[in-house]
Structures are given as C-alpha cells and as structure tokens.
Amino acid sequence: MSRESVRRRVTYYGCLVFILAISLLSACGNDESAGTKSSETLPRISLLAPLHFPQQPSKEIMDEIEKLTEVHLDIRWVPEGVYTDKMNTALTTNSLDKVTFVKFSDYNLVKNAIRSEAFWEIGPYLQEFSNLKNLDKAILNQAAIDGKIYGLYTERPSSRQGIIIRKDWLDNLQLSNPQTIDELYEVMKQFTYNDPDQNGKRDTIGLVDRNDLVYGVFKTLSSYFGTPNNWKIENNQIIPEFATAEYMNTMNFMKKLYNEKIINQDFALTSKEVQRDDFIRGQAGVYIGSMTDVQRLSVEAQALNPKVELTLINRIKGPDGYKVWSIPNYNGLYLFSKKAITTEEELKQVLTFFDRMMDKDVANLMMYGFEGRHYELQDGKVILPEETSQLRVNEVNPLYSLMIADVSNKNIMEVGKKEQLTALADQLIKDNELFLVNDPTVHLSSPTYDEKNVELSTIIVDATYNYILGNLNVGEFQQEIERWKRNGGFQIIQEYNEAIARDMK
C-alpha cells in the first residue's frame, strides 16, 4: 500500500471518528435538552394546605404522587394552629397560591373575596372530569355561594366529636366511663385530686383545653348541655347560641373547672400542639375533640409510657338527652386563585391534578401509603397492622388534608382490619349520626354576617373567655351581647329572620 493510500485511509478514519464523536455529543445534548424540556413543561401547582401532624408526609410518597400525576407540587404546609392567620394574611395581601385550602370554620373570611371574583367559579368545568363530575351535588350545594360552585370539598362525617380518656387512670381509681355531665365532672375532679397515675404526687389535671371555642372543648361540651349549633330558630325567629341559657350553663361549668383547677389554667392561650403534648405526657386525663385523633395520641403516649391505655366516649347525657354538634359534610374547601391561575387552560391543568388524585392508584397511595411498608393486602382488602401505625402517622396521615371527597370515593380500597382504637372511633362517629345538632342557618344567607362576622365573633369569643376566667359577671356578659347587636348583630338577626320568612312562603 502506497504512502498516499495510508495517508488517505488515516484521514478517512479520522474524519469518521470525528463525525461519530460529534454525533454522539449532539445526541447527548439533544437527550438532555429533551429531558429538561419535558421536566419544564410539567404543570407546577402551588398550594397552601394545613398540617395536622408534627411532620410533613414522607418525601418518597410525595415524589410518587408527582410521578403519577405528572405535576410539580409546591406545597406550603402550615401547622393547623396558625393556619387561619396564614391563610387570612395571604388573602388580605393578595398573595394567594394557585390553590388555597379554607377551613369550614373560616369560610366566611373569604366569601366577600369570592363575590369580588378573586377565585374561579369551577362548577361549569366539573363535568369535563371523570371523577370530579361525580362529586356529591348536595355537598357542593352546601358550600355554594349564590348558587355557584367555587371549591372542591374535603369530605368528613357530620360529627367526629367526643371524649378521649385515660382508661388506665379510670381503672386505677376504680371508676367507670362517665355517662352524664355530672359523672364527667366527677371523673375529671378525681383525675385532678386523687393521684390517678399513682406516682404519689399531685401533678395531674382532669382536662386539657386549647384556645379554640369551636374545635377545642367548649363547643362539644356546650352541645352536651343542649346549646344550639350557632343559631336556634324559635317561633320562626333566629336566636344566637350565646344568648341562650344553655350557653350560659356551659360557661358556668367551664368556670367551675377553672376555679377548681381541674382544667389547665392557661387554656385560653394554649395551642393545639401544647394541648396534645400535655395529654401525651400524662399531665391530663381527658381530651375532648375529634375522636379520630385517638390512635395517634395512643401511639405517641405509649412511646413515653407503655402503661398508657386510652378509650373513647361519644355519649354524654345532658338535660335534653344525647346531643352533639355537627358540621355540613365538608371540612373545608380548596379554592382556585384568579391572580395565580391566569388562564382557563391553567385552571383545567390544576383541576386535572385533583381529578387524578381520586383515581385508584393515587387515592390509595394517599390514604394508606405503600403496600408492604404501611399496609398489607388480604383478599383484596387493606390490613392496617398495629406495628406500622406509627409509620402511617409519620409518613402518610398528613396527606389526609389534601384528599377531596375521600369518604365517598369508590376507588379507595376497603379496610379489612384496622387498629382497635381507629375501629372504635369509626363506630362511635357513626353512632353520633343518631343525635346530631345541626346549624339551621347553613342554607340561609345574611350579607351582614358574611361581611362582619369575623369582627363580631371576636366580641363574643373575648366575652366568653373573660366570663369563664372571672373577668366579667352575668350582667357584663349581657352587655357584650348588646354591643354585638349594636355593631351589626341585630342586622344579622333581621336578615336571617327575613330569609326564614321567605323559606316559609
């Protein structure tokens, strides 16, 4: 072979190698570009949601949710105790995320903003989605504003309220489960003064409460006394709950607990986190609130003291028999900001995410976690072992607040076996349905209430606490009611009475 031929062949192969290298680099670059582009085109959903647990859900589950739903989630988890303030700040500063959860008890805070078109009306779009179109119309209508649907609801039973109590303390003092208000008082008194933990010290109290007249002790206790649920209709006239004798009886009972040091003396300032911690650490023997909290409280209390044994009570007989306050069948709503979601196309992307969350794979992941780690499957039913209860509390349960319409979602697998306390809570929540006290104004409208209730309710909340703490007497409490009326309360009553009259026609 001539020297020229060798030179040409070397040049040929050199060019071939160069071209191949360039092609490979170009391919790698294109792959990277395609990957980046694919990632960047995924919808990004910012969301404000309440956190009812000490920690956020596990990163592995969140990553899997993003993978299945093909979105980027930017969730601001806010502790439940300060959630209302954070949500209200975002509302008033016009800095809402694309999606914002609004608690049922805070709904009136946003109604004026809804009427001012700060949020999308989503009703016309629901029929486009396979799951959203099957949402319960009765619940959607309960939450509607002026007949229009703005929110996706988180579904809840009518009442989860009841008593979580230290059974081991009852046993130590040879006491039975209280069945009446008087028996409940006696048990809490014994828990305070008769050394229920048998450590030889007087270091316990009967009841621990927090700075919340609705989801703390007061409202559940007041329903035992027969207090109406927010309002009472008598002779076709509306009466606010705090103007009734039953409300006063409840305040007097709480005042007695406070004066006898049966309740934590700083209850008016105590956060939910501190309330839970006091109960978990064995400083109090009675916790009144959502019975669904019992399994988590039991797990955390037994981690500190294996002798802890909890049980539940939902029936406390009062002057009018068994009563417990209820809410409509939604615990809150996810609303969609018009400022953060600027186009109809983007709104549909966000609604697609919520629709996808109701599909079988995503819904069960959010409800139960990973099979083999958080739960087992047996004959097509979910088994929730006691030994993985803490894992579910830490990694899965915080996701519950993201789930819409989970109670009636047929894609969620049936549970064949639950933890004992969870099963008891479910049973008693169902039993609550037999003696609910409903709010008669749920379907009524009062523009003044929507506009001024936040401001006006502060008058009553402060007056209630001050009466219990001994800073107001009966006459002074009545004066606060009159102040409430002068500042808009009378107008609310008048508007509700007019709405009742219209309903009767």
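As the structure is a computational prediction, the values presented were derived from the model and not from experiment.

Q: Can you walk me through the packing of aromatic side chains in this structure?
A: Any two aromatic rings considered together are summarised by their centre-to-centre distance and by the angle between their planes. This structure, assessed with the given rule, holds 24 aromatic pairs. For the ring pair F353 and F354, a centre distance of 5.3 Å and an interplane angle of 75 degrees mean the geometry is edge-to-face. Note on F353: relative accessible area 3%, which makes it buried. Between Y449 and Y496 the ring centres are 6.1 Å apart and the planes differ by 50 degrees, which places this aromatic pair in the tilted class. Within this pair, whereas Y449 is found in helix α16 (residues 447-468), its partner Y496 is found in helix α17 (residues 474-504), the two being separated by 47 residues in sequence. A single burial state applies to Y449 and to Y496, both of which are buried. An aromatic cluster is present here, built from Y83, F101, Y334, F336, F353 and F354 joined pairwise through their rings.

Q: What exactly am I supposed to notice about the pairing of strand β10 (residues 310-313) here?
A: Where a strand is regular, its side chains alternate between the two sheet faces. The two faces of β10 match: L310 and L312 on one face and T311 and I313 on the other face are all buried. Where strand β5 (residues 161-166) and β10 come together, four bridges link them in antiparallel fashion. Opposite I164, over in β10, you have L312 as the bridge partner.

Q: Hey, could you run me through the sheet that holds strand β15 (residues 376-378) in this one?
A: Whether parallel or antiparallel, the strands of a sheet pair through hydrogen bonds between backbone atoms. A sheet is described by the order of its strands in space; here three strands give the open sequence β15-β16-β17, paired in mixed fashion. In this open sheet, the two strands that pair with only one neighbour each are β15 and β17 (415-417). Recorded for the sheet is a direction-independent mean angle of 45 degrees between the axes of neighbouring strands. Taken together, the three bridges between β15 and strand β16 (residues 381-383) define a ladder with antiparallel strand orientation. Bridged to L377 within β16 is V382.

What counts, and at which threshold
- Residues numbered from 1 in each chain as written.
- Predicted model: local features only at pLDDT ≥ 70, side-chain atom pairs only at ≥ 80, totals over all residues.
- Heavy atoms only, no water.
- Phe/Tyr/Trp six-rings, centres within 6.5 Å; stacked < 30°, edge-to-face > 60°.
- Buried < 20%, exposed > 50% of the residue type's maximum accessible area, 1.4 Å probe, protein only.
- Helix = DSSP H or I, 4+ residues; strand = E, 2+ residues; numbered from the N terminus.
- Pairing = 2+ DSSP bridges.
- Axes fitted to C-alpha atoms, helices over the stretch in contact; angles between N-to-C directions.

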